[in-house]
Amino acid sequence: MEKSPNEFSVVVLGYVLSEDKKSVLMLYHNGDSTDSSYGKYNGLSGRMRKNEPIAEAMRRVLMEEAGVVPDKMALRGIIHWSNFGHENENLLGHIFIISSSSKIDLTPTPKGELHWVPLERLTTAGELPMWSGDDSILPLIFSEQPGLFSGYMEYEKGVPCF
């Protein structure tokens, strides 16, 4: 059954900061060539399950993808991605910054490889293969200014329409 244009999949996206706050744990998607994120770096992400609170979804994804137990999570933004990815989905994303003192195992996963990426490289457009549009929201995510941002980003053929 096809979703109507008003239906969303709710997703979480988390960026784990290193203890010195100079690097971010990123997943390089190179494990499954059918993954819409194949060949791209992304934070740790996943879909919310039915009746699962947003914060619990983020904790579950952190554990499943990297064995991370968060010490602190801060919701930084909520964004609607329209016509996103290979499936042209409507996604409602909740974006978190995470700190954790748990030991992180960088062993490759079925999705790909975990890497600590210097924050400077992450926020420099074109430095890493990422989703088009990430360079627009990453400065908001990692801004030192407190607060929550929200936004809408429509895609056409994998590229934001702005």
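Residues numbered from 1 in each chain as written. Predicted model: local features only at pLDDT ≥ 70, side-chain atom pairs only at ≥ 80, totals over all residues. Heavy atoms only, no water.

## Description of the overall build of the chain
At step 1: Scanning the chain from terminus to terminus reveals three helices and nine strands.
At step 2: Relative to the globule expectation of 15 Å for 162 residues, the C-alpha radius of gyration of the chain, 15 Å, shows essentially globular dimensions.
At step 3: Expressed as lengths along the three principal axes of its C-alpha atoms, the size of the chain is roughly 40 × 35 × 35 Å.
At step 4: Counting every position in the chain, which comprises 162 residues, the buried fraction comes to 42%.
At step 5: Partitioning the contacts of the chain with sequence separation of at least 6, the portion at a separation of at least 24 is 65%.
At step 6: A total accessible area of about 9,200 Å² is found for the chain, and carbon and sulfur atoms account for 51% of it.
At step 7: The distance from the centre of the 15 positive side-chain charges to the centre of the 22 negative ones in the chain is 4 Å. (Helix = DSSP H or I, 4+ residues; strand = E, 2+ residues; numbered from the N terminus. Rg over C-alpha atoms; globule rule 2.2 N^0.38 Å. Buried < 20%, exposed > 50% of the residue type's maximum accessible area, 1.4 Å probe, protein only. Contact = heavy atoms within 4.5 Å. Areas by Shrake-Rupley, 256 points an atom, 1.4 Å probe, with all protein chains shown as cover. Lys, Arg positive; Asp, Glu negative; His and termini not counted. Charge placed at Lys NZ, Arg CZ, Asp CG, Glu CD.)

## With respect to the pairing of strand β5 (residues 72-84)
At step 1: As defined by bridge partners, β5 adjoins strand β6 (residues 89-99) across ten bridges and the pair is classed as antiparallel. Across the sheet, the residue bridging to H80 is L92, located in β6.
At step 2: Taking the residues that link successive antiparallel strands as the turn, the β5-β6 hairpin has four residues, and the phi of G85 there is positive, at about 70 degrees. (Pairing = 2+ DSSP bridges.)

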